[in-house]
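Below, each chain spelled out in residue letters.
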Amino acid sequence: MTYGTQVRNELRTPARELRKAIPQVYEGYRQLHDSVLAAGALDAKTKELIALAIAVSKECDGCIAAHAHAAVRQDATEQEAAEAIGVAILMNGGPGTVYGPRAFAAFREFHAEANP
């Protein structure tokens, strides 16, 4: 098992349990998520790459896994992901050099699964 899958698996059960405890919060968040990441002036791929860069900035492993996977589903290329992560490194300095490689590893993992 690799980084992105491991993070998603670790979070699956506790997230499901919390979602059952506060379903209204999760439903509201889902609606916000879907509205924000829908194509508009920016396409969905660009929005997912922005979210991936922010996930690096926020040092959020679960967010990295989710948005790396979503960027792959939106047909982002490895180079596009790398450049978005590069912006996060620029804006975050040292922590970006720790979480950036995690994001790139997750993206590459999901990309390889989607494009065998």
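Sequence positions are assigned chain by chain, starting from 1 and proceeding in written order. With pLDDT at 70 or above as the cut-off, local features in this predicted model cover only qualifying residues; side-chain atom pairs require 80 or more to be listed or tallied, and sums for whole chains, interfaces and linings still use all residues. The side-chain quantities take in all heavy atoms of the structure and omit both hydrogens and water.

K.L.:
An account of the packing of helix α5 (residues 78-92) against helix α6 (residues 94-114) is requested, with residue identities and associated values reported.
P.N.:
Comment: axis = line fitted to C-alpha atoms, over the contacting stretch for helices; angle = value between 0 and 180 degrees taken between N-to-C directions. For the purposes of this entry, the term helix denotes a DSSP run of H or I that reaches at least four residues, the term strand denotes a run of E that reaches at least two, and both are numbered from the N terminus. For the pair α5 and α6, interaxial distance at closest approach is 8 Å and the crossing angle is 165 degrees. Considering the angle they form, α5 stands roughly antiparallel to α6. Between α5 and α6 lies a crossing whose hand is right-handed. Listed contacts from α6 to Glu78, Ala81, Ala82, Ile85, Ile89 and Asn92 of α5 are Gly94, Pro95, Gly96, Thr97, Gly100, Ala103, Phe104, Phe107 and Arg108. Roughly parallel covers angles under 35 degrees, roughly antiparallel covers those over 145, roughly perpendicular covers 65 to 115, and oblique covers all other angles. Handedness of each helix crossing follows the sense of rotation of the near helix against the far helix: counterclockwise by less than a right angle gives left-handed, clockwise gives right-handed. We call two residues in contact whenever any of their non-hydrogen atoms come within 4.5 Å of each other.

K.L.:
Break down a positive patch on the surface for me, citing the residues and quoting the values.
P.N.:
What makes a patch is a set of residues exposed beyond 30% relative accessible area and free of salt bridges, joined within 9 Å when like-charged and within 5 Å when nonpolar (Val, Leu, Ile, Met, Phe, Trp, Tyr). Residue-level accessible areas treat just the shown protein chains as cover; the underlying method is Shrake-Rupley with a 1.4 Å probe. Any carboxyl oxygen of Asp or Glu that lies within 4 Å of a side-chain nitrogen of Lys or Arg is treated as forming a salt bridge with it. His residues and chain termini do not enter the charge count, which takes Lys and Arg as positive and Asp and Glu as negative. Lys charges are placed at NZ, Arg charges at CZ, Asp charges at CG and Glu charges at CD. On the surface, Arg12, Arg16, Arg19 and Lys20 cluster together into a positively charged patch. Note that Arg16 resides in helix α1 (residues 3-21).

K.L.:
Just give me the short version of the side chain of Glu109, but keep the residues and values in it.
P.N.:
Looking at where Glu109 falls in the secondary structure, it is placed in helix α6. Side-chain polar atoms of Glu109 contact the backbone nitrogen of Gly4, separated by 2.8 Å. Among residues more than four places away in sequence, those in contact with Glu109 are Thr2, Tyr3, Gly4 and Thr5. Any pair of N or O atoms that falls within 3.5 Å is considered a polar contact. Within protein, one atom must be able to donate a hydrogen and the other to accept it, and sequence-neighbouring residues count only if both atoms are side-chain atoms.

K.L.:
Please give an account of the nonpolar core that cites residues and values.
P.N.:
As used here, the term nonpolar core means buried Ala, Val, Leu, Ile, Met, Phe, Trp, Tyr and Cys residues forming a set that is joined through side-chain atoms within 4.5 Å. Type-normalised accessible area, obtained with a 1.4 Å probe on protein chains alone, sets the label of each residue: buried when under 20%, exposed when over 50%, and partly exposed for intermediate values. Judged by nonpolar contacts, the single largest core of 19 residues is most densely connected at Leu49, Leu52, Val56, Ile64, Ala68, Ala103 and Phe107. Elements represented by at least two residues in this core include exactly α3 (44-57), α4 (61-73), α5 and α6. Each residue touching Ala103, except ones within four places of it in the same chain, is listed here: Leu52, Val56, Ile64, Ala68 and Ile85.

K.L.:
Tell me what's going on with the state of the cysteines, and back it up with residues and numbers.
P.N.:
Disulfides are defined as cysteine sulfur pairs within 2.5 Å. Taken as a whole, this structure holds one disulfide when the rule is applied. Across the disulfide, Cys60 is cross-linked to Cys63 (sulfur-sulfur distance 2.3 Å). Every disulfide takes its handedness from the sign of the S-S torsion; for Cys60 and Cys63 that torsion is 65 degrees, giving right-handed.

K.L.:
Tell me what's going on with the environment of Ile54, and back it up with residues and numbers.
P.N.:
Here Ile54 shows up in helix α3. In this structure, the C-alpha to C-alpha distance between Ile54 and Val87, residues 33 residues apart in sequence, is 9.5 Å.

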